[in-house]
Amino acid sequence: MASVDSQPRFGQSVKGLLSDKVGSCSGDVIALTRQVLKGSRSQELLGQAARNMVIQEDTILHSEDSLRKMSIITTHLQYQQEAIQKNVEHSKNLQDQLRHLLK
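Notes on the structure follow. Note that this is a predicted model, so its numbers are computed, not measured.

Looking at the overall build of the protein chain
Then step 1. Regarding its fold elements, the protein chain presents 1 helix and 0 strands.
Then step 2. The burial tally for the protein chain puts 0% of its 103 residues in the buried class.
Then step 3. Carbon and sulfur atoms make up 61% of the accessible area of the protein chain, which totals about 9900 Å².

As structure tokens, then:
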């Protein structure tokens, strides 16, 4: 009779162990699902960052081109300023010479 009484207890303990194992596996599946979702979100964020980087790279190249053009314009303006200053000095000399002649 002892074996008859021990069999239901054994069945109960197996059910308990099985239930614990199922609960543990369910927890593991939930953790795995969360990790996969985090990875998916990370991948999405990396893709978005890559797209933003391409857009910024294009903007940087355009800005670099604009700065180069502005540098050329600045150089030309400096040449023009120097030419104007020389002409003003030459004009003053001519005015002085004209005054001297008119005296």
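Quick notes on the pattern of salt bridges
Then step 1. Evaluation of the coordinates by the stated rule reveals 4 salt bridges.
Then step 2. As a salt-bridge pair, aspartate 65 and lysine 69 come within 3.4 Å of each other at their nearest N and O atoms. Residue aspartate 65 and its partner lysine 69 are located together in helix 1 (residues 2-102), separated by 4 residues, close to a single helical turn.
Then step 3. Using a relative accessible area of 23% as the deciding quantity, one classes aspartate 65 as partly exposed.
Then step 4. Among the salt bridges present, the one from aspartate 96 reaches arginine 99, with a minimum N-O distance of 3.3 Å. Residue aspartate 96 and its partner arginine 99 are both found in helix 1; the two are separated by 3 residues, about one turn of the helix.
Then step 5. A residue is classified by how much of its surface remains accessible, and aspartate 96, at 45% relative accessible area, is partly exposed.
Then step 6. A single salt-bridge network, built from bridges that share partners, covers Asp65, Arg68 and Lys69.

What counts and how
Residues numbered from 1 in each chain as written. Predicted model: local features only at pLDDT ≥ 70, side-chain atom pairs only at ≥ 80, totals over all residues. Heavy atoms only, no water. Helix = DSSP H or I, 4+ residues; strand = E, 2+ residues; numbered from the N terminus. Buried < 20%, exposed > 50% of the residue type's maximum accessible area, 1.4 Å probe, protein only. Areas by Shrake-Rupley, 256 points an atom, 1.4 Å probe, with all protein chains shown as cover. Salt bridge = Lys/Arg side-chain N within 4 Å of Asp/Glu carboxyl O.

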